[in-house]
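A structural walkthrough
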There are 2 protein chains.
Amino acid sequence: MRTVNVALAERSYPIRIGGALLGQGELIASSLRTPRAAIVTNATVAPLYLSRLRDALAGAGVDLTEVVLPDGEAHKDWATLNLIFDGLLSARCERKTTLVALGGGVIGDMTGFAAATYQRGVPFIQIPTTLLSQVDSSVGGKTAINHPLGKNMIGAFYQPRLVVADIDTLQTLPDAELKAGLAEVIKYGLIRDLPFLEWLEAHMDALLARDTDALAYAVERSCVNKAEVVAADETEQGERATLNLGHTFGHAIEAGMGFGNWLHGEAVAAGTIMAAELSARLGYLDAAALSRVRRIFERAGLPVSGPKLGVERYIELMRHDKKVEDGKLRLILLESVGRAIIHDSAPMADIAASIETCCS
Amino acid sequence: MRTVNVALAERSYPIRIGGALLGQGELIASSLRTPRAAIVTNATVAPLYLSRLRDALAGAGVDLTEVVLPDGEAHKDWATLNLIFDGLLSARCERKTTLVALGGGVIGDMTGFAAATYQRGVPFIQIPTTLLSQVDSSVGGKTAINHPLGKNMIGAFYQPRLVVADIDTLQTLPDAELKAGLAEVIKYGLIRDLPFLEWLEAHMDALLARDTDALAYAVERSCVNKAEVVAADETEQGERATLNLGHTFGHAIEAGMGFGNWLHGEAVAAGTIMAAELSARLGYLDAAALSRVRRIFERAGLPVSGPKLGVERYIELMRHDKKVEDGKLRLILLESVGRAIIHDSAPMADIAASIETCCS
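Residues numbered from 1 in each chain as written. Chains lettered and ligands numbered in written order. Predicted model: local features only at pLDDT ≥ 70, side-chain atom pairs only at ≥ 80, totals over all residues. Heavy atoms only, no water.

Right, let's get into helix α2 (residues 46–59) of chain A. Residues and elements named next belong to chain A. Compared with an ideal rise of 1.5 Å per residue, which puts 14 residues at 20 Å, α2 spans 18 Å between its outermost C-alpha atoms and is within 8% of the ideal. Taken residue by residue, α2 has A46, Y49, L50, L53, A56 and L57 as its buried positions. Angular distribution of buried residues about the axis of α2 spans 140 degrees; they occupy a single face of the element. Of the exposed residues in α2, those oriented more than 90 degrees away from the buried face are P47, D55 and G59. (Helix = DSSP H or I, 4+ residues; strand = E, 2+ residues; numbered from the N terminus. Expected span 1.5 Å × (residues − 1). Buried < 20%, exposed > 50% of the residue type's maximum accessible area, 1.4 Å probe, protein only. Arc of directions from axis to C-beta.)

Turning to the packing of helix α10 (residues 264–281) of chain A against helix α13 (residues 348–357) of chain A, a few remarks are in order. Residue and element names in this part refer to chain A. Running from N to C, α10 and α13 point in directions that differ by 130 degrees, and their axes come no closer than 9 Å. In this view, α10 runs oblique relative to α13, as classed from their interaxial angle. In the crossing of α10 with α13, the sense of the turn from one axis to the other is right-handed. In this structure, α10 uses M274, E277, L278 and R281 to contact α13, whose residues at the interface are D350, I351, A353, S354, I355 and T357. Taken together, the residues of the contact of α10 with α13 break down into five nonpolar, two polar and three charged. (Axes fitted to C-alpha atoms, helices over the stretch in contact; angles between N-to-C directions. Parallel < 35°, antiparallel > 145°, perpendicular 65-115°, else oblique. Left-handed = near helix turned anticlockwise from the far one by under 90°. Contact = heavy atoms within 4.5 Å. Nonpolar A, V, L, I, M, F, W, Y, C, P; charged D, E, K, R; others polar.)

Take the interface of chain B and chain A next. At the interface, 39 residues of chain B touch 39 residues of chain A. Interface area, chain B with chain A, both sides summed: about 3,500 Å², of which 53% is carbon and sulfur. It is W78, L89 and R120 of chain B that lose the most area in chain B upon contact with chain A, and together they represent 22% of the buried surface on that side. Where chain B touches chain A, the interface holds nine residue pairs in polar contact (both at pLDDT 80 or more). Mapped onto the side of chain B that touches chain A, the elements with two or more residues apiece are α3 (78–90), α4 (105–117), β7 (142–147) and β8 (150–157) of chain B. Residue composition of the side of chain B that touches chain A, by class: 14 nonpolar, twelve polar and 13 charged. (Buried area = accessible area lost by both parts, 1.4 Å probe. Polar contact = N/O pair within 3.5 Å; in protein donor to acceptor, adjacent residues only side chain to side chain.)

Moving on, we come to the side chain of T129 of chain A. Residue and element names in this part refer to chain A. Residue placement: T129 occurs in the loop between β6 (124–128) and α5 (131–137). Owing to a relative accessible area of 4%, T129 belongs among the buried residues under this scheme. Sequence-distant contacts of T129, that is, excluding residues within four places in its chain, are made with V45, L102, G103, G104, Q134, T169, L170 and L173.

Moving on: the UniProt feature "domain: 3-dehydroquinate synthase N-terminal" (unreviewed entry) in chain A. Under the local residue numbering, the UniProt record ascribes the feature "domain: 3-dehydroquinate synthase N-terminal" (unreviewed entry) to residues 67–179 of chain A. The span residues 67–179 of chain A shows a helical share of 34% and a strand share of 29%, and its end C-alpha atoms are spaced 29 Å apart. (UniProt positions renumbered as here; feature names shortened; annotations may be inferred.)

Okay, the environment of G141 of chain A next. Residue and element names in this part refer to chain A. By secondary structure assignment, the location of G141 is in the loop between α5 and β7 (142–147). Between the C-alpha atom of G141 and that of F113, which follows or precedes it by 28 residues, the distance is 9.5 Å. Among residues more than four places away in sequence, those in contact with G141 are Y13, A156, F157, Y158 and Q159.

All right, on to the environment of A183 of chain A then. Residue and element names in this part refer to chain A. Within the fold, A183 resides in helix α6 (residues 175–192). On the basis of relative accessible area, A183 is assigned to the buried category, the value being 0%. For A183 and R295, which are 112 residues apart along the polypeptide, the C-alpha to C-alpha distance reads 12 Å. Setting aside residues no more than four positions away along its own chain, A183 makes contact with G265, A269, F297 and L302.

Before going further, it helps to spend a moment on the sheet that holds strand β2 (residues 13–18) of chain B. All names here are of chain B. Spatial strand order, β1-β2-β9-β6-β5-β3-β4: seven strands in an open sheet with mixed pairing. Edge positions in the open sheet fall to β1 (2–6) and β4 (63–69), since each of these has one partner strand only. With strand direction ignored, the average angle separating the axes of adjacent strands in the sheet is 15 degrees. Pairing of β2 with strand β9 (residues 162–166), which is carried by four bridges, proceeds in the parallel orientation. What sits directly across from G18, in β9, is D166. The strands touched by helix α2 (residues 46–59) within the sheet are β3 (36–42), β4, β5 (98–103) and β6 (124–128), with β4 carrying the most contacts at an inclination of about 170 degrees. Helix-sheet contacts for helix α8 (residues 212–232) involve β1, β2 and β9, and the interaxial angle to β1 is about 15 degrees. (Pairing = 2+ DSSP bridges.)

Here it is, written out as structure tokens:
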């Protein structure tokens, strides 16, 4: 078992990474405040992993409540969040009851927001079961639900007490979701960890073949990178924004195509190509660097161009992203491969041309 | 103008108390992160004070968005909260836009919760316009909405950057609400500030006559007491619980009668009499102390007995309060007049007898 510590003073917590962790009841039970927990999962994950977790926790003497939500981003809304509150209140869960999120990013985000707000905050444990949630959303304490006028518009910064990333759960992940998770893995290499990018270039085939050791290393390295950034900038006043490489362009793709039609990681991949193209236009990247960025996404089986929404629509959607500040488009660019910068004065003509070039 | 500082390290903030503060635009504008704010108020307060605040802020160069909600505890729910989010998103309010709550406790709680969760947290200023909100809910960062299964069940601890208590707004407050606010004022004297209780005993008539200086002193002294408690225990792990004197009994009255039929302060007054009665039964208070507690509430025109809901119903409702821990009823009692204690082992027979004695 590998461990990554997220250093946030009194809100610090460990991420445990390895195989067969779901069955280790004590690993989780020892992090509870009282022997009482509520597992929140969805209808897809429940048949696969709920009984394993339930048996492990019950074996460790934990009194359990279970809430099973419908699956999918479309349900990341207040009505579904309220099903969690209904379940907790009906079971009379108290302020020291721990919420355990078992599932991907949507379950983690919603359960985390429920934990942040149920009785003004209860303990929270994340058990991410997708690559994307293991390397990204389970680290850093961002929780949220969507609003009809915007994604992740309502949420909180709220840290878990423990994250358990059981690599075995990645074996049941659909191919498209594994690849989408790799988009965020690659991102860490691009923004701040060139040696990791080189490792990814050497081990992409092993990752796609779901080699356990390769996956565990990729998850660990991703978590280390994210944990370092989050520790330096918990509430995204500065450096944390670099984690959004490709995300403002990607957000426009997801919103423009209707949320759920492009996977988040797919949109981030195409969005990162746009950001790299813009970086090249502004003189940061040369042609070799640009094609290196493109190649790693291609090798992961991810899209390297966006849908033809029209440049104006892209820009309109980008402006409605929550990363906009004082009306300015604040973009994350690559100063070089392995180093991201925050840039808020890219000429609109260059932004437009970068989008145009990268649509097909 | 009087100032009380709430000392919470990097989340510290001042409470400004005095007359004619609403018209002082700079007082508020100087606390904004950017010259952009969204005022949230309700249909009762808006005709009285919105234009005064709007003119003051506009005069100080602040770009404003306004959201006017329906009035009343019945609207302290998700649907109404969502009207705030709709307004903020439609106006494209950003992460640095400050939410300004103009109104009583419901507006403060909802706007605070909206500020805690809109884009995962935006700056927040409170302008409480009722005595209850000036002395209680605007200090300490508790925000929440109700759930059909429980009051204030969904919320967050979130501190404002500034509280402005304009004493002049108390002149338009209905009598019943002024008295209800006095219940929480009296509480501070009972739980930790005997000199203040003595002052209240001497100045109750001036307070009921809405003497500005008396009200300003009572608000200041209440805020000092609450700020001290909150600074010592921000998230209610210990001492902060003593602020709930009378609240668990009172909660049963409010829930049992249907929320909104008894004002919160009225229920707290009757609940405090029950808590005092129980304190006497357990040997803490003598007969003279008990009647002193009763007398100060009587002089404020507050109820000193609860409705006849039946003892079993009281206890059932008290158990469903969120202050229950490990299934135990954790009550705040008076060790003496001026000193509260947390007590979690009162015999059920004594609790029942105290309720029975104090119903009429």
